[in-house]
Structures are given as structure tokens and as C-alpha cells.
Amino acid sequence: MSIFSRTRDIIAANFSDLLDRAEDPVKMIRMIILEMEETLVEVRASAARSIADQKEMQRHTDRLDRLATDWSDKAALALSKAREDLARAALVEKKKATDMAAQLRTEVAILADSLRAYETDIEKLQTRLREARSRQSAIAARLESAENRVRLRTLMTTERVDEALSRFDQLERRVDDAEGRADALGLATPKPTLADEIAALAGEDHIDAELAAMKRAIDQSAAPKEG
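Engineer: Teacher, can you tell me more about the overall build of the protein chain here?
Structural biologist: When helices and strands are tallied, the protein chain shows six helices and zero strands. When its helices and strands are written in sequence order, the protein chain yields α-α-α-α-α-α. When burial is assessed residue by residue, the protein chain has 19% of its 227 residues classed as buried. Nonlocal contacts in the protein chain, meaning residues at least 24 apart in sequence, comprise 78% of its contacts between residues at least 6 apart. Looking at the protein chain as shown, the accessible area adds up to about 17500 Å², and 57% of this sits on carbon and sulfur atoms.

Engineer: Which parts of the structure should I look at to understand the nonpolar core?
Structural biologist: One recurring pattern in soluble globular proteins: nonpolar side chains tend to sit buried together. In terms of nonpolar packing, the biggest core is built from 14 residues, with Ile29, Ile33, Met36, Leu40, Ile122, Leu129 and Ala132 touching the most fellow members. Elements represented by at least two residues in this core include exactly helix H3 (25-80) and helix H4 (84-156). One finds Ala68, Ala97, Ala101 and Leu104 within the second-largest nonpolar core, a separate group that totals eight residues.

Engineer: Looking at this structure, how should I read the packing of aromatic side chains?
Structural biologist: The final tally for this structure, using the stated rule, is zero aromatic pairs. Lying over the aromatic face of Trp71, Lys74 brings its terminal NZ or CZ to 4.6 Å of the ring centre.

Engineer: Would you explain the pattern of salt bridges in this entry?
Structural biologist: A side chain of one charge can pair with a side chain of the opposite charge if their charged atoms are brought near each other. Scanning all chains against the criterion turns up ten salt bridges. With a closest N to O distance of 3.1 Å, Arg83 and Asp85 form a salt bridge. Given a relative accessible area of 46%, Asp85 falls into the partly exposed group.

Engineer: Where do I start with the environment of Asp99 in this structure?
Structural biologist: Residue position: Asp99 is located in helix H4. Sequence separation between Asp99 and Ala68 is 31 residues; the distance between their C-alpha atoms is 9.6 Å.

Engineer: Sorry if this is basic, but what is going on with unusual backbone geometry here?
Structural biologist: Note on backbone geometry: most residues besides glycine have negative phi, and most peptide bonds are trans. Within the chain, Ala82 stands out as a residue other than glycine whose phi angle is a positive 65 degrees. For Ala82, the position within the fold is in the loop between H3 and H4. Residue Ala82 is classed as exposed on the basis of its relative accessible area of 68%.

Engineer: Got a minute to help me understand a negative patch on the surface in this structure?
Structural biologist: Residues Asp169, Glu172, Asp176, Asp177 and Glu179 make up a contiguous surface patch of negative charge. Note that Asp169 resides in helix H5 (residues 159-185).

Engineer: Is there a simple way to explain the confidence of the model for the protein chain in this structure?
Structural biologist: Note that predicted coordinates carrying low pLDDT should not be read in detail. For the protein chain, per-residue confidence averages 78 on the pLDDT scale, and 73% of positions sit at 70 or higher. Summarising per-element confidence for the protein chain, the mean pLDDT is lowest in helix H1 (residues 7-12) (56) and highest in H3 (89). Considering only residues more than four positions removed or in separate chains, one finds that residues 1-5, a stretch of pLDDT under 50, has 13 contacts.

Conventions used here
- Residues numbered from 1 in each chain as written.
- Predicted model: local features only at pLDDT ≥ 70, side-chain atom pairs only at ≥ 80, totals over all residues.
- Heavy atoms only, no water.
- Helix = DSSP H or I, 4+ residues; strand = E, 2+ residues; numbered from the N terminus.
- Buried < 20%, exposed > 50% of the residue type's maximum accessible area, 1.4 Å probe, protein only.
- Contact = heavy atoms within 4.5 Å.
- Areas by Shrake-Rupley, 256 points an atom, 1.4 Å probe, with all protein chains shown as cover.
- Core = buried A, V, L, I, M, F, W, Y, C linked by side-chain atoms within 4.5 Å.
- Phe/Tyr/Trp six-rings, centres within 6.5 Å; stacked < 30°, edge-to-face > 60°.
- Lys NZ or Arg CZ within 6 Å of the ring centre and 35° of its normal.
- Salt bridge = Lys/Arg side-chain N within 4 Å of Asp/Glu carboxyl O.
- Patch = residues over 30% accessible without salt bridge, like charges linked within 9 Å, V, L, I, M, F, W, Y side chains within 5 Å.
- Lys, Arg positive; Asp, Glu negative; His and termini not counted.
- Charge placed at Lys NZ, Arg CZ, Asp CG, Glu CD.
- pLDDT = per-residue confidence, 0-100.

Listed below in C-alpha cells is the structure:
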């Protein structure tokens, strides 16, 4: 079904109101643009026909002007030959041609007015068409943005996202463990203090004394057996 019944309806149309009332704004703007393009083609075709008619009428007018001039010359010739009857008849034909030419000029003037109206309508249609195409681009961009947001929100609420985030947590823990081990291996052995070194010497003396005592005990236990 046609959205616009006349060219003037397109020119006066409130696109915002049409889109607000539409169930599918994308489809509606596409239909509006299609009908505007078709209307623009029809208006241009009508203008082209009017131009052709105007040119044809102008050619007829020119021929009638030449014919009227020709009959006027013939009337003058007949009158110069004392043939007033022929001169009168020639003047009658001249009047017919002149009247027809005047009628055609009136129709040419009407066509000229129509052509000016066509030019105005075509210019306005082109302006509205550019506006509609701009609205179409804006609607398409908003729709794409909305669809992307829906896809993103749907994705963020799925188990796949939760599972992926869990795997990231596990990976981060493994990285923390590896870094901890590397840090532990990199720790330098602390340099012993003076007290530590003296205590170590004392420990060595204690071990030497205990070792000597053990040797004496062995020697003493072995002496009676030899005697």
C-alpha cells in the first residue's frame, strides 16, 4: 500500500511521527525512501513529457506564425490584382492561423507554469529524500549499536564467560606460585655473624674433645687383652 498519496504528502510528511508509530522503523524508512524514489522518477517523467509537449507546441506556433504571414502576403497580392474576394479569403485564413497560434501560446504558458512547479517539487523531493536517507543511516547505526549491546550482555551472562574467567583465575594462581618459587630460589644465603663463627669454633672443639675421649676409651679397653 502506498504511504503517500500525492507528491505534496511526501513534501509535508513528518518522518519522526511516521517512524514513532511504526512497528519496524527500519522497514518503514526503507519503504518511505523507496516510494520517494519512485515518486521522484514519476515527477521527472511528467516534467519531461511537459517539456516535450511545450517544444512541440512551440513548433506548431512558429509554423502558424509563418502561415499567417504567408496568408497576409497572399491577401496583399490578391488585392493588388483587384481580387478583393481572394484577398478577403486569404485574410480569413490568416485569422484562423493567428487565433490558433494565440491559443497555443496560452497552452505553452500554462505548461511553463507547470514546469516551474515540477522543478520546485523535484527540488523539495530531493531534499526530503536526502533527509530520509540520513535518517536511515542514523537508524541503522542505532540498531547496530543496540544489537551489539544485546549480544555483549547475552555473552556476559552465559556460563562460557564464567568458565573462561575461572580459567583465568587458575592461570593467575599458577603464575603466582611460579613467581614465588623463583623468588625463593633467588634468596641469598645470609652471611654468618661474628657470634655465629665463634659458636661454630666452640662446636668444633667440643667435637674434637669427644672424639679424643672415644679414642682413649677404646685404647684402654684394648690394653688388658694384650697383657
